[in-house]
Amino acid sequence: MRPNLAVLDVSLIDRILQEAFSLLMNPGVKVGTIEAAELLSSGGARLENGVAHIPEWVARRALQSVPREFYLYDRGGHAAVHYGGDDVHFDPGSSCLSILDPDTLRPRLAQSRDLVRLIQVAEVLPQYAAQSTAVVCNDVPSEIGDLYRLFLVLWYSHKPVVTGAFSTSTLQAMIDLLVADSGGGEALKWKPRAIFDVCPSPPLNWTDFAAHNLVVLARAGIPAELISMPLAGATGPVTLAGSIVQHAAETISGIAIHQLASPGAPVVWGGAPAIFDMRSGGTPMGAIETVMLDIACAQVGKSLGLPTHTYLVASDSKLADAQAGMESSISAVLGTLAGINMISGAGMLDALACHSIEKLVLDAEVIASAQRMVAGIGTPTETLATSMFAQVGLQGEFLKLKETRQLFRGEQHFPSSVIDRSTRPEGEGEVQGDAFSRARERVQELLASYSELEFPGQTRSRLQESVSRAAERAGLVTLPGIPVNELQRMQGSAAI
Amino acid sequence: MRDEALRAMQASIVNGAPETAAVLAQDALTAGFEPLDAINLGFVPGMHAVGEQFAQHTLFLPDMMASAEAMRAAMQVLEPELRKRGGERPNAGTVVLGTTKGDIHEIGKTLVGTLLTAHGFKVHDLGVDVASDVFVANILKTGADVVGISALLTTTMRGQKSVIEAIERAGLRARVKVIVGGAPVSRRWAEEIGADGYGQDAASAVELVKGLMHQGVHAG
Ligand code: B12
């Protein structure tokens, strides 16, 4: 059996949905664009001063047309991420401001080369089914910061991408990049490579920016992931149950806008709800109540049969230290048990503000353990134990058994060198380094094992062409993060 | 009697009890207190105690909110009376606050506003997604001493610079101190764009504004 975790019972889910539907009518939902408001009104909602009052039947109809599952594809066209059912995937956290410098142990503004390293590490770690646009590069003009991250990911990775736009104007440029990557709009729609996070503003507000992007994504057929983020006690009710209701109402209203714009377009019941820390005013992503909220919100989405997402495996610690290990491990295991389709947040520190490549490597270990956990306790042999005992009797030499040799790889997960399981004869001096220093070494190993990717046909030239337009407008003369000789080589071959 | 009344006023703030605070303010006037005495010796010490207990982690943000509310309730009773007698509400300074254009993050900015209010500043919170000219118009309208600009996105951080430029264009730069904050903002960035100060969190924002008011007084 697959061990499963539920934090809400059926009757509580019912109450949550009932209250969520009632919030959609009263007070209703603020909608920031005329277009989205008109979509809702054409679907049956009542509009009043920029607020849509959405009857339950309108919301339910929208929920009906959402695809129950869909895939994200890698560059080779293989289905690499399955949104639906209990499948669980992980991607690194997104959009960090800074990166933890492993030498000084201080956060510093991230540069393109940091993002490139992060992408390369995530590319070779099988625990990450998808990439994310993980940090904003400080050596790139900020007005194209969001799209440039996507460019670098597409340049250096074959995996699907979880991304997001920071404004309405850059979304189209990001879509253009993906179209260039896929070789056409239809190809992208047919086999989407990326999904975009879109955030309502709590409470119950689809701002012009979010509402606009939601409609654009729906019409382009590019998957959208709704990231409702009530902060319990500040921008949402202080009770976990109350904030779960708000999350449901925000998400359902987003789905209504989205499905009215394009019925059947892929959309995910996502989220990053958190408690609000009553001392610091912060948004503690590592708090156990945050984990409870995230899992509960996903459970509500699953009860409706929808694909799910949440933000876990992130820590509030400023270092990849014991606190980071505790917080990330708890949430990785619980999120996996809850069967959430995409879990974003690995590598993140400081309440989503800072990334650490070393932490990404450490988190991969707990993710692998969690994945082992849900693979469950199997029964690969006809009798569970008796036939093996029949062979070894009370001698107990199981190590010599052919079953042992045949089955141990399936029974046990083998961690990387980051995890120290060595048996050290007593009294043999000092322990050599801690997990963080082993993670630092492993980052170097992983980077060395990343080899340049093979690209079909003209993909890289198309990507370069697409980004160059935006880059030139922003005043960039080079493309940070891409070796100059690589660009020259490409230009040379293009000239021929 | 008098001390007891003052202690009760202080307690109404610490307990975050607006109704009690309003009643006590009214009682004080009836009993012949000078409004300024009720404020400075009764209610304001309550706010100081709240600040201290917050720093010591014995009071939390919701307590702080309630105390600020109680303070407002007391002032609502005392201020008209004060004005009638030709007095002025003690104002530590006037602050215009907002989040830059294109940015909807409001929690940090609102927290800064709450704490400043609690420390006696008059705060005009312009909300989020605020254009530079709106900042300028409100500086003019309120005669602000300090303008606080919040930004949470690397893309909207530049908006802080635009606001400063707009303030310069309007010829107000010498009249108003500019402070900036928000997760992506650093002291270095603040210096680069010519701000007068950077605050890492709400508590340091209060110290910052206090310091700048002090400077302003001496410079003026
Ligand atoms: C909560 C949150 C949201 C909420 C905001 C809710 C609200 N009503 O405010 C929602 C969900 C709406 C949201 C939306 C988005 N967010 Co957001 N958000 C956050 C988060 C997790 C916490 C921010 C917060 O409230 N912190 C708590 C407060 C108390 O702290 P604070 O804001 O830093 O304020 C303190 C200090 O900075 C200082 N301070 C603040 N302002 C000022 C001003 C002055 C004058 C002074 C002196 C001091 C000062 O004092 C404050 C109190 O101590 C941050 C991550 C983070 N750790 O910062 C991301 C984060 C800022 N968001 C991010 C992003 C990407 C977005 C979106 C673009 C996502 C999307 N794709 O749609 C949208 C933004 C849309 C837009 N155009 O604005 C990124 C920024 C990336 C970047 N490189 O710029 C971050 C870093 C998270 C991440 N890694 O993705 N977000």
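Being a predicted model, the structure only gives us computed values, none of them experimental. (Residues numbered from 1 in each chain as written. Chains lettered and ligands numbered in written order. Predicted model: local features only at pLDDT ≥ 70, side-chain atom pairs only at ≥ 80, totals over all residues. Heavy atoms only, no water.)

**Considering the overall build of chain A**
- When helices and strands are counted, chain A shows 17 helices and 20 strands.
- Here the C-alpha atoms of chain A give a radius of gyration of 24 Å, agreeing with the 23 Å that 2.2 N^0.38 yields for 496 residues.
- For chain A, the spread of C-alpha atoms along the three principal axes comes to 80 × 65 × 45 Å.
- Within chain A, the proportion of its 496 residues that are buried is 56%.
- For chain A, the proportion of contacts with a sequence separation of at least 24, taken over those separated by at least 6, is 75%. (Helix = DSSP H or I, 4+ residues; strand = E, 2+ residues; numbered from the N terminus. Rg over C-alpha atoms; globule rule 2.2 N^0.38 Å. Buried < 20%, exposed > 50% of the residue type's maximum accessible area, 1.4 Å probe, protein only. Contact = heavy atoms within 4.5 Å.)

**Observations regarding the site of the ligand**
- Lining the immediate environment of the ligand, one finds 47 residues, of which Ala351(A), Leu352(A), His105(B), Glu106(B) and Ser150(B) sit closest.
- The backbone of Ser95(A) places a nitrogen or oxygen atom 3.3 Å from a nitrogen atom of the ligand.
- At 3.4 Å, a backbone N or O of Gly182(B) approaches an oxygen atom of the ligand.
- Of all the elements in the fold, those that place two or more residues in the shell around the ligand are helix H5 (107–118), strand E3 (146–150), strand E4 (177–181) and helix H9 (202–219) of chain B.
- Looking at the shell around the ligand element by element, the count peaks at four residues for H5(B).
- The residue makeup of the shell around the ligand, split by class, is 27 nonpolar, 15 polar and five charged. (Near = heavy atom within 4 Å. Polar contact = N/O pair within 3.5 Å; in protein donor to acceptor, adjacent residues only side chain to side chain. Nonpolar A, V, L, I, M, F, W, Y, C, P; charged D, E, K, R; others polar.)

**Thoughts on the confidence of the model for chain B**
- With 97% of its residues at a pLDDT of 70 or more, chain B has an overall mean of 92.
- This prediction of the complex comes with two scores: 0.94 for pTM and 0.87 for ipTM. (pLDDT = per-residue confidence, 0-100.)

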